[in-house]
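Coordinate inspection notes
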Amino acid sequence: MDVAALGMLHYPDPRLRRVAKPVEDFGPWLDALITRMFEIMRDHKGVGLAAPQVGVDLRLFVMNATGEAVDDRVYLNPKLDQRSGWAEAEEGCLSLPGINVQVRRSVKCRLVAQDRNGKPIEAISSGFVSRIWQHEIDHLDGVMIIDKMAPSEAIAVRKVLRSLEADFDDRK
Ligand SMILES: [Zn+2]
């Protein structure tokens, strides 16, 4: 994989809509991919980035909820359970520039995943961190925030979506 060539995909790129495949090869190539994903996430001032957003069809995401290097996290083959509570909050997405919508998510959940070496890891979190987990894992299933917004918001973002669709058609 030529990680230098990877870049951010925008809606309506169909690669954002695939159900990504499990990571099964934990070889050294992963280091280059993960490093590049953190770079792209930071370049775009994001707090999370899932592999499908850069065209990589694998179940992994990187995140950093604080901006401090010590809080860099990478999760492979993640799953969520033990969900509790509901809360709505505004979210944006690096693959949907110019769009911010209210999204209803579980307040608290447990993340079960593998680390970069395939070792099992788990964590429990609530609030902002749990929201990032849910947003990024949605990407691994081809789901985006525009699938979750209220109908009233669909009208408000329609124009931006049309313009992203036109940009995508121009690049084809
Ligand atoms: Zn996103």
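Residues numbered from 1 in each chain as written. Predicted model: local features only at pLDDT ≥ 70, side-chain atom pairs only at ≥ 80, totals over all residues.

On to the pairing of strand β2 (residues 60–63), then. Residue alternation in β2 divides its side chains into two sets, Leu60 and Val62 and Phe61 and Met63, and both sets are buried. Taken together, the 3 bridges between strand β1 (residues 48–50) and β2 define a ladder with antiparallel strand orientation. Looking at β2, one finds that leucine 49 is bridged to valine 62. The pairing of β2 with strand β3 (residues 73–92) spans 4 bridges and is classified as antiparallel. Residue valine 62 lies in a different strand from β3, and its bridge partner there is valine 74. (Buried ≥ 20, exposed ≤ 12 C-beta atoms within 10 Å, placed from the backbone. Helix = DSSP H or I, 4+ residues; strand = E, 2+ residues; numbered from the N terminus. Pairing = 2+ DSSP bridges.)

This part covers the nonpolar core. What tends to happen in soluble globular proteins is that the nonpolar side chains get buried as a cluster. The biggest cluster of nonpolar side chains holds 36 residues, and the ones touching the most others in it are Met37, Leu49, Ala51, Leu60, Phe61, Val62 and Tyr75. Contributions of two or more residues to this core are made by α1 (29–43), β1, β2, β3, β4 (100–114) and α2 (128–140). A total of 5 residues in this core trace back to one element, the largest contributor, which is α2. (Core = buried A, V, L, I, M, F, W, Y, C linked by C-beta atoms within 7 Å.)

Within the fold, valine 47 resides in the loop between α1 and β1. Residue classification places valine 47 among the buried positions, given that 20 C-beta atoms sit within 10 Å. Taking the C-alpha atoms as reference points, valine 47 and lysine 119, separated by 72 residues in sequence, lie 24 Å from one another. Apart from residues no more than four positions distant in its own chain, valine 47 is found in contact with Met63, Asn64, Ala65 and Ile132. (Contact = placed C-beta atoms within 7 Å.)

Backbone phi values are negative for most residues with the exception of glycine, while trans is the configuration of most peptide bonds. Residues tyrosine 11 and proline 12 are joined by a peptide bond in cis, for which omega reads 0°. The topology assignment puts proline 12 in the segment before α1. A positive phi angle is found at lysine 45, which is not glycine, with a value near 55°. With a phi angle near 50°, asparagine 77 is a residue other than glycine that sits in the positive phi range. Examined against the element boundaries, asparagine 77 turns out to sit in strand β3. On the basis of neighbour counts, which here come to 18 C-beta atoms within 10 Å, the residue asparagine 77 falls in the partly exposed class.

Spatially, β1-β2-β3-β4-β5 is the arrangement adopted by the 5 strands of the open sheet, whose pairing is antiparallel. Two strands bound the open sheet, and with one partner strand each, they are β1 and β5 (120–126). On average, adjacent strands in this sheet sit at an angle of 35° to one another, irrespective of strand direction. Against the sheet, α2 engages β1, β2, β3, β4 and β5, with an angle of about 90° to β4. (Axes fitted to C-alpha atoms, helices over the stretch in contact; angles between N-to-C directions.)

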